[in-house]
Amino acid sequence: MSVFGIVLFLLIGGMAFWMLLFLLGFIVPYWIHLGIMQQLRPKKVFEKDEEEAN
């Protein structure tokens, strides 16, 4: 039974390791990129005035 526990521990630990690697390698840079692009996007000030006029 202890071998099963060790294998289960290594399996869960390996899955956590690969999930962290995926998050740090893809999701976090993608999230930062989206935030930067949203900050650099020009604000649409006049679009609200056109909707109120109609």
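Since we're looking at a predicted model, the values are computed, not measured.

1. Describing the overall build of the protein chain
The number of helices and strands found in the protein chain is 2 helices and 0 strands. Residues counted as buried form 0% of the 54 residues belonging to the protein chain. Counting only carbon and sulfur atoms, one obtains 74% of the accessible surface of the protein chain, whose full area is about 5,600 Å².

2. Digging into the packing of aromatic side chains
Here the structure, examined in full by the defined rule, presents 3 aromatic pairs. Judged by centre distance (6.0 Å) and plane angle (5°), the ring pair of Phe-26 and Tyr-30 falls under stacked. A residue pair is termed a helical-turn pair when its members lie 3 or 4 positions apart in one helix, as Phe-26 and Tyr-30 do in helix α1 (residues 2-40) at 4 residues. Residue classification places Tyr-30 among the partly exposed residues on the basis of a relative accessible area of 46%. Three or more aromatic residues joined by ring pairs make a cluster, and in this case those are Phe-22, Phe-26 and Tyr-30.

Rules used in this analysis
Residues numbered from 1 in each chain as written. Predicted model: local features only at pLDDT ≥ 70, side-chain atom pairs only at ≥ 80, totals over all residues. Heavy atoms only, no water. Helix = DSSP H or I, 4+ residues; strand = E, 2+ residues; numbered from the N terminus. Buried < 20%, exposed > 50% of the residue type's maximum accessible area, 1.4 Å probe, protein only. Areas by Shrake-Rupley, 256 points an atom, 1.4 Å probe, with all protein chains shown as cover. Phe/Tyr/Trp six-rings, centres within 6.5 Å; stacked < 30°, edge-to-face > 60°.

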